[in-house]
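The primary structure of each chain is shown beneath.
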Amino acid sequence: ETGVTQTPRHLVMGMTNKKSLKCEQHLGHNAMYWYKQSAKKPLELMFVYSLEERVENNSVPSRFSPECPNSSHLFLHLHTLQPEDSALYLCASSQNGRNQPQHFGDGTRLSIL
Amino acid sequence: TQLLEQSPQFLSIQEGENLTVYCNSSSVFSSLQWYRQEPGEGPVLLVTVVTGGEVKKLKRLTFQFGDARKDSSLHITAAQPGDTGLYLCAGGSSNTGKLIFGQGTTLQVKP
């Protein structure tokens, strides 16, 4: 039990499909994150939400659209993705503030056909 | 741009051997965190170090933060097959507070 749950665990979609990734945390944290993990590359921070407001968008293409309806839930809406978007998408949560550890979900393995 | 370089990127050793993984940068970080990630799972925090020169021990794992807070090392004594995984270092940016991750070190410990 990680405290951070991501669904689905695996997703295969075509370039014209629309799908959503879901993340839920039960740790009482007030910050949530989306990361992209590709082989042999550092974890790439995509979006940060703090107190349900987006505080960071790391030049992510508009085909990725995040949503944070409350402090426990985070979504990543996907549309017209490209093959290079195939990766492991990780959600994390933490308390606000410097040096706070992040708690990760087990990720969604996304494959774009 | 703050970057963290991890070395080696891949390490395959026999059970019982010792090893050290390095995490280096030209930038100063407010903290350094180490995570371990097993296949099919997300990263799990092992330790956070915040003071230059700080040393923390977690059973057979020893973590050190450099005096200048620009580098860190992870030393494993008498490695076990259960230590197999991807080890990630992450620095807390002094400017933004967000985490900057290294590219990871894949460790394989053979029985």
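All figures in this text were calculated on a predicted structure; none of them were measured in a lab. Every chain's residues receive numbers from 1 upward, in the order its sequence appears when written. All chains are assigned letters beginning at A, and all ligands numbers beginning at 1, according to the order in which they are written. Reporting in this predicted model follows two pLDDT cut-offs: at least 70 for local features of residues, and 80 or more for side-chain atom pairs to be given and counted; totals over whole chains, interfaces and linings ignore these cut-offs and use all residues. The side-chain numbers reported here are obtained from all heavy atoms of the structure, hydrogens and water having been left aside.

Trainee: Even after reading the chapter, I still don't get the overall build of chain B, so can you show me in this structure?
Mentor: Think of it this way: any DSSP run of H or I at least four residues long counts as a helix, any run of E at least two long counts as a strand, and we number them from the N terminus. When helices and strands are tallied, chain B shows 0 helices and 11 strands. For chain B, the sequential pattern of α-helices and β-strands runs β-β-β-β-β-β-β-β-β-β-β. When its C-alpha atoms are laid out on the principal axes, chain B stretches across 45 × 30 × 20 Å. Under the scheme applied here, a residue whose accessible area is under 20% of the maximum for its type counts as buried, over 50% as exposed, and between as partly exposed, the area being computed with a 1.4 Å probe on protein chains only. For chain B, the proportion of its 111 residues judged to be buried stands at 48%. We call two residues contacting when some pair of their heavy atoms lies within 4.5 Å. Long-range pairs, those at least 24 residues apart, make up 56% of the contacts in chain B between residues at least 6 apart in sequence. When the accessible surface of chain B is split by element, carbon and sulfur atoms take 50% of a total near 5,100 Å². Here the accessible surface of atoms and residues is derived via Shrake-Rupley with a 1.4 Å probe, and residues count as covered only by protein chains that are part of the display.

Trainee: Looking at this structure, I do not really get the state of the cysteines. What am I missing?
Mentor: Simply put, the disulfide is a covalent bond whose two ends are the sulfur atoms of two cysteines. Residue and element names in this part refer to chain A. Here, the term disulfide refers to a pair of cysteine sulfur atoms separated by no more than 2.5 Å. Applying the stated criterion across every chain yields a total of 2 disulfides over all chains. In this model, Cys23 is linked to Cys91 through a disulfide, with the two sulfur atoms separated by 1.9 Å. Measuring handedness by torsion sign, the sulfur bridge of Cys23 and Cys91 sits at about -70° and is left-handed. Here Cys23 is found in strand 3 (residues 18–25), whereas its partner Cys91 is found in strand 9 (residues 87–94), with 68 residues between them in sequence. Taken as a pair, Cys23 and Cys91 share a single burial class, namely buried.

Trainee: Looking at this structure, how should I read the pairing of strand 5 (residues 44–49) of chain B?
Mentor: For a regular strand, side chains alternate in direction, first toward one face of the sheet and then toward the other. Residue and element names in this part refer to chain B. Here strand 4 (residues 29–37) pairs with strand 5 via 5 bridges, running antiparallel. Looking at strand 5, one finds that Arg36 is bridged to Val44. In this analysis, strands are considered paired if DSSP registers two or more bridges between them. Here strand 4 folds back onto strand 5 in antiparallel fashion, the turn holding 6 residues, of which Gly40 has a positive phi close to 80°.

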